[in-house]
Structures are given as structure tokens and as C-alpha cells.
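Listed below are the residues making up each chain.
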Amino acid sequence: MASQIDQVLETSSKRLQASHGQNLLPDPSSSTISNVPLTRSHFLDAYSKGKWNLSKVPCPSCFEGVDLISPPEHYSEVSRLKVVKKYINCEQWKERDVFLRLISKALKAFHVNGAAISIIDNNRQVVKYQVSLNISECPRRLSIDAHTILSTGNFVLLDASKDWRTAKNPFVKNVPYIKFYAGVPLVTKFGAVIGAFSVFDAFPRADFERKQIEILRELADEVMTILTSPLKKDRSNTTTSVPLIKIIGRPTSQGVGYSSTVYEKDGSGSPYLQNHNFRYSKHDSSTSNDSLINQSIWAKLSPLRDMKLASSYLGKLITEHSKFDLVCIVEIRVSQRYQISSEFFPNENKIEAESFKYASKLTRIENEQVMTRVLGSFGYDPNDLQFPSGLYYSALSSEFGVFYDSTNSSNIKLRSGICMPFYRIPSKIVRRKKIVRSDKFSNSRSKPIEVYLRSGGFLIAAFNEAERPILEKDMNYIYSAACTLRRIFISN
């Protein structure tokens, strides 16, 4: 199959060539560059990253009129499911009395009529222990707990019937008529999210205080402690079934309101290599309900097992579906040199840029150096694809991507298009001169040092020879296709 596709791509890539004296693309400074708006695909992708608390998320305009969304899969779903597999049927779940006591404690602490401890598997919510939910599992696309595993810290809905994401959820519209909901993710010590401890009630609430969230988090932590502790044999051999009502009493309601990233060849600030190691994912997407993943494209790309070939084939699929003249997948690396007083920089050679609290103390002393390479393309001979890096850098620096328009330039072959980042590598700040162990105890804390801010990612770009509007359906299709490629080869 791969050889046949390779032959098709080799033939088809020569069908378009720039005329003599023409450039494929101009420098961005001579073109009109505008920002791509938020689309449904972009929103769901951001929603899946687990970086924000999702309790209060206003309905974006691209979801206007929607009153139920299926939570997307976790951004790191492939690695998450590997951990879920370890815990979903572990022997510790036999500690029935212990888990039921936790459920009972939650019911009494929050004065609710329902609580559940659940695991979120590939396409379902598996309910391990519950009161008032009255199910053993449900489709993941309908699971409110599936929102919780994407939310940092907690996921609280004071009135689920009025939230645009859950208003038409069958667990809200029907038994158990959930209005108030509060859930805390079940997180392993390595940060993998496997499920949720949730409480709910048929009556909405006016608030849910931070100290109450902390109590719920403590209960979730107790669950994880049990799951990671040796099984108590005397309890695991218990065969007597104790009625739940005798253990917890009658519930009542008071109605109260991993990608591997390598940047530097050494620590001296010399050029660094683009040597991302692509790892093919064996994750079966056929049972997934994730609307962000294009199942048809997954089925066509996954047998290839080579990202470069898959990138070119993806370009072919997009050009045929959305009628573009050129589609390419681009890897980009950016390095910027800065200076900072050593008193503001930790005694480390490399740190995460996102969590660096003294970022405002950095002084740039050199313009960014941008390196790009085309991983795969369809439409033009790959040798012609030496585009100005400024367009790619503009896209990487934007929130969702950029539109490109150069319809007024007669010597330009590709006059309109779109370029969107679909995977960003976490930015690092790296010392230009490495420190050794003895340097870490130096008392010199005011001397300025030079560091590099290094970032990068992967972009998808689609261009046309003529001016054409790029509709939201086109953007959703292209971005969803790129996310499918990412799931198979990058973020697994």
C-alpha cells in the first residue's frame, strides 16, 4: 500500500510548477496576514489539553445554539489509556467497604443525593461505586465525568440544566435529573488522569466553596491511595454482601443553594537539530467518539506507519476534499537569544518557559532564528517549497493560525491560503553556557547570563493559486485532519 501511495504522490507532486520569474510565496511583509478565528475544532482541541479549569466556560460563537457537547478525548489520550488499563480492573476495587465509606462520607459532607467513583475508559465511563446514578457504565460522549478529567483541579456546575455543554444531557434531562454537579479528577502520582470522584444533586446551588472542593479532592486522593496500596486479603475474601442502605443510610437532599523534544546539540548556543522522534501509535480510534478525530483519515493514514509519507498523503486527501492547490506539513523550530541577571535565573541549565516567573526580566539581544522543514506535501515539487519562514513564524506565534493573502502581486504563484499550528512543543529557556555541578554553588548571583528561548511545533498550510474564501467548514476539516495525524505520530 505504501509503495502505491508513494508512486501516486511522486507523480502528482509534479503537476504544478511556478513559472519562470515567479515565486510561490512572497515575504509576509508584502502580504496581508490576518488571524484565523476560533473554530469548533480549535475550541475542542484547547478544551482537551487539561490546562484550565473548565467549570465556567462561556459558549463561543462557533457553538451558538448548542446545548450538549461530547467531551473530546484527552490531549494525551494514548498515554492516558495505558495508565487506565493498569487501574480499571485492579484488585483493589474489591475493597468494597472502604469505597462505600468514601461514598457515604461524600453524601453526608455535601448534603447531596448522589455520588460516584468512575474510570473513564476509551469510549465509556465505568462506574465502580455509586449512589443514585444507577448505572454500571455509560457512553463517554454523555459522561459529565469525561469533562472533569479535562479540567484542572475540579469541574463544578451549579446548574447543569443551564450550562450550554450539558443542558440536554440525558442525565440532566432524565433520572437522576442532575442539576448540581462537582467532580475532582482521579490523578496518579505521575499526573495521569484516570477518572473522577463526583457528587451531584437534583437541586441547583448558588455556590460551592473552595473548602468544599478541597474536601472532595481529599476523597479523590484517598481513592488513589487505596488503588496504589497492597490489597488487604481479609477484605478481598469477603463474600457477604451488605446492603448499601445499611452502610450509608438513606440519602436525602436538602436542596441547598509526553512528545519527546530535543532542541540543542550542546549547551553552547550552537545550531540545534530538528530531530523529533516520531512514534507510531497503535491506539485504535475505530471505537472513539472524539469529534476532533477524522475517522476516515485515521483509517487511511494509520497503516502507513511513517509520518513523512503520511504527511504527504494527508496533503493529497485535503487537496482533493477541499480543492486546494498545495497542502504541506511543516516542522518549525525557533531560537531567540536573551540576557537576564543570574539572580533571577535558577541554577539549572534548562527550565520550562511557561512556569518561569521572571520572564519579564528577560532582555532580547538577538532576533529570532527560525528553522523549518517540510515533512510532507502535495501539489508542488517539494524542491520548490522553500517558503519564507516569516509566514510560518507568524502562524506559530498566533493563537489559532493566520490567513495569507497576496492577490495583488502578479509575480506570486500562490495568492491565498491558511497556515495553522496543530502541535506546539513546550517552550524551554536554555543557558547558552552550561553550568557544571560546582557552578551551582557559586555565590555570584548578579552577573548577567545569556539564555536561549527555544520553541517550535508543527504546522499545516493550505494554499491556492487564486483568491478564494476559506470557510469555517474548511478550517474545521483541515485542523481535524492535522489533529488526526498528530494523534497517530506525535502526541502518543
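Going by the annotation in an unreviewed UniProt entry, the name recorded for the protein is GAF domain-containing protein, with Wickerhamomyces anomalus given as the source organism.

Asker: I tried to follow the sheet that holds strand β6 (residues 180-187) on my own but got confused; where do I start?
Answerer: Each strand in a sheet pairs with another by means of backbone hydrogen bonds, the pair being arranged parallel or else antiparallel. Read across the sheet, 6 strands follow the order β4-β3-β2-β7-β6-β5 without closing on themselves; strand pairing throughout is antiparallel. Each edge of the open sheet is held by one strand with a lone partner, namely β4 (137-139) and β5 (155-157). Pairwise comparison of adjacent strand axes, ignoring direction, gives a mean angle of 20° for this sheet. Relative to strand β7 (residues 193-201), strand β2 (residues 114-120) runs antiparallel, the two sharing 6 bridges. Within β7, the position partnered with Ala115 by the bridge is Val199. Those strands touched by helix α3 (residues 77-87) are β2 and β7, and its axis lies near 75° from that of β7.

Asker: What should I look at first to understand α3 in this one?
Answerer: Residues that lie three or four places apart on an α-helix share one face, since the helix turns once every 3.6 residues. Most of α3 is tucked away, with 8 of its 11 residues classed as buried. The complete set of buried residues in α3 reads Glu77, Val78, Ser79, Arg80, Leu81, Val83, Val84 and Tyr87. Those residues of α3 that are buried are in contact with β2, β7, α7 (210-227) and α13 (472-489).

Asker: Please explain the packing of helix α11 (residues 307-322) against α13 as it appears in this structure.
Answerer: Axis angle and axis distance: for two packed helices, these are the angle between their axes and the distance between the axes, and together they describe the pair. With their axes 11 Å apart at the nearest point, α11 and α13 run at an angle of 165° to one another. Taken together, the axes of α11 and α13 are roughly antiparallel relative to one another. Crossing handedness for the pair α11 and α13: right-handed. Within the contact between the two elements, α11 uses Met307, Ala310, Ser311, Leu314, Leu317, Ile318, His321 and Ser322 and α13 uses Asp474, Tyr477, Ile478, Ala481, Ala482, Leu485 and Phe489.

Asker: Explanation requested: the environment of Gln130 in the structure shown.
Answerer: Along the chain, Gln130 falls in strand β3 (residues 124-131). A sequence separation of 68 residues divides Gln130 from Ser198, and the C-alpha atoms of the two residues are 9.3 Å apart. Looking at Gln130, its side chain comes within polar contact range of the main-chain nitrogen of Leu133, at 2.9 Å. In terms of polar contacts, Gln130 uses its side chain to reach the backbone amide nitrogen of Asn134, at 2.9 Å.

Asker: Looking at this structure, how should I read the pattern of salt bridges?
Answerer: Opposite charge on two side chains permits pairing when their charged atoms draw close. Under the counting rule described, the total for this entry stands at 22 salt bridges. The salt bridge partner of Arg364 is Glu368, with a shortest N-O separation of 3.2 Å. Classification of Arg364 as partly exposed rests on a relative accessible area of 43%. As a salt-bridge pair, Arg468 and Asp474 come within 3.2 Å of each other at their nearest N and O atoms. Exposure remark for Asp474: the relative accessible area of 7% places this residue in the buried category. One continuous salt-bridge network, built from bridges that share partners, spans Arg337, Glu366, Arg432 and Glu450.

Reading the values: the criteria
Residues numbered from 1 in each chain as written. Predicted model: local features only at pLDDT ≥ 70, side-chain atom pairs only at ≥ 80, totals over all residues. Heavy atoms only, no water. Pairing = 2+ DSSP bridges. Helix = DSSP H or I, 4+ residues; strand = E, 2+ residues; numbered from the N terminus. Axes fitted to C-alpha atoms, helices over the stretch in contact; angles between N-to-C directions. Contact = heavy atoms within 4.5 Å. Buried < 20%, exposed > 50% of the residue type's maximum accessible area, 1.4 Å probe, protein only. Parallel < 35°, antiparallel > 145°, perpendicular 65-115°, else oblique. Left-handed = near helix turned anticlockwise from the far one by under 90°. Polar contact = N/O pair within 3.5 Å; in protein donor to acceptor, adjacent residues only side chain to side chain. Salt bridge = Lys/Arg side-chain N within 4 Å of Asp/Glu carboxyl O.

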